[in-house]
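# A closer look at the structure
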Amino acid sequence: MTSTTTIPAHHIEITRPDDWHLHLRDGDALKAVAAHSAAQFGRAMIMPNLRPPVVTTGQAVEYRQRILAALPATSEFVPLMTLYLTDHTPPDEIRRARESGIVFGVKLYPAGATTHSDAGVTDLAKCMKTLEAMQHHGLPLLMHGEVTDPAVDIFDREAVFIDRVLRPLRKSLPALKIVFEHITTKEAVQYVKEAEGETGATITAHHLLFNRNALFTGGLCPHYYCLPVLKREENRQALVKAAISGNPRFFAGTDSAPHARGLKENACGCAGCYTALHAVELYAKVFDDNQALPNLEAFLSLNGAAFHGLPHNSGKITLARQDWHIPEALPFGEESVVPLMAGETLPWRKV
Ligand code: NCD
Ligand code: ZN
């Protein structure tokens, strides 16, 4: 277990963290949100679900340049790029991705599972050669782990995915590096703890802080709607236990997924919570609420880097126990975006 350096009791200093699952979007939206992540994190795994998706190494190189151009001039933030796996991704693309040195994972979106996933995989059997190439080149599979079968209740789609997709996949590719992303259930926690092979999981701040009641408290609350959807309290508790345990298989991935306010507060609201502004403080609240601040650094700054075979960041950040009133909305191109816990107060703030 790594210990967090405690300066005075109301300050904590940790190695600069990384975000292992982030949506930065493109164009004006990218320009609006990139600085938030860069202020908190050293690196982030950048999700490829643009329209059109980032399916080739060439597209990833170009997207990376747009991200770097959107950052403040002094920023040292490093975007770790990913490719969007389709039924037709050729094995050779995996070699190109690996050789590029800028692609760090390949993202599986089961077709129809979430925002901009229609170009995703309809059947993993169609991707076996490409998955074998990933295993060969050591490029991790980053998995949105939900079945899309409409006959399966939306609250059960992650647990069903483990048996229907993940266990068979692990059997056929024992050496593939797999990240089970944004896990939301006790079944996923259990799976990741026991899985054979190199298996990790990211956990978001919102799934650690809220259960599904948040969606319906005082009315329908679209800013708490994300995919995978928030689950029952017993699941939230299992996630917290995993995150604070120090187990190196669990690490932070915010899944910060900005949508314009008008597309959230809508008859058919988009899925995604915006947490890039205050992710570190949200995680700190979880660890603090559970008397686990000494393990915050492992979860935020060490475990993910170790899983991906990267050194941890060299810089440090300091958090102060200080009230922070979260703004009601933030600029988002011509629109605005509503951060998670808008209008509420967090007990920590990065200084
Ligand atoms: C993400 C998005 O908006 O891109 N939405 C979400 O609810 N998390 C897609 C995703 O990661 O599932
Ligand atoms: Zn996501």
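Everything below is about the structure shown above.
These notes cover the structure that comes with them. (Residues numbered from 1 in each chain as written. Chains lettered and ligands numbered in written order. Predicted model: local features only at pLDDT ≥ 70, side-chain atom pairs only at ≥ 80, totals over all residues. Heavy atoms only, no water.)

## Some thoughts on the overall build of the chain
- Of regular secondary structure, the chain possesses 11 helices and 14 strands.
- A globule of 351 residues ought to have a C-alpha radius of gyration of about 20 Å, and the chain, at 19 Å, matches this closely.
- Principal-axis analysis of the C-alpha atoms places the extent of the chain at approximately 55 × 45 × 40 Å.
- The buried share of the chain, taken over its 351 residues, is 57%.
- Partitioning the contacts of the chain with sequence separation of at least 6, the portion at a separation of at least 24 is 72%.
- Total accessible area on the chain is roughly 14100 Å²; 53% of this is exposed by carbon and sulfur atoms.
- Charge centroids of the chain, computed over 34 positive and 38 negative side chains, lie 3 Å from each other. (Helix = DSSP H or I, 4+ residues; strand = E, 2+ residues; numbered from the N terminus. Rg over C-alpha atoms; globule rule 2.2 N^0.38 Å. Buried < 20%, exposed > 50% of the residue type's maximum accessible area, 1.4 Å probe, protein only. Contact = heavy atoms within 4.5 Å. Areas by Shrake-Rupley, 256 points an atom, 1.4 Å probe, with all protein chains shown as cover. Lys, Arg positive; Asp, Glu negative; His and termini not counted. Charge placed at Lys NZ, Arg CZ, Asp CG, Glu CD.)

## Focus on the coordination of the zinc ion (ligand 2)
- Looking at the zinc ion (ligand 2), the protein donor atoms are His 21 (NE2), His 23 (NE2) and Asp 255 (OD), and they sit 2.0 Å from it.
- Coordination geometry of the zinc ion (ligand 2): the four donor atoms subtend angles of 91 to 142° at the metal centre, consistent with an arrangement described as irregular.
- All donors to the zinc ion (ligand 2) come from one chain, and their sequence spacing reads H-x1-H-x231-D. Placement of His 21 in strand β3 (residues 18-22) and of Asp 255 in the loop between β10 (250-252) and α9 (261-264) is noted, with a sequence separation of 234 residues between them. By the burial criterion, His 21 is buried, and Asp 255 matches it. (Donors = N, O, S within 2.8 Å, 3.2 Å for Na, K, Ca; no water. Tetrahedral: all angles 85-135°; square planar, octahedral: opposite > 155°, others 65-115°.)

## Digging into the nonpolar core
- Ranked by size, the top nonpolar core spans 103 residues in total, and within it Leu 131, Phe 180 and Phe 299 carry the most contacts.
- Looking at this core element by element, the count peaks at seven residues for helix α10 (residues 279-289).
- With residues up to four places along the chain from it excluded, the contact list for Phe 299 reads Ile 203, Leu 208, Ala 243, Phe 250, Phe 251, Ala 252, Tyr 283 and Phe 287.
- Ranked by size, the runner-up nonpolar core spans 12 residues in total, among them Trp 20, Leu 80, Tyr 109 and Val 179. (Core = buried A, V, L, I, M, F, W, Y, C linked by side-chain atoms within 4.5 Å.)

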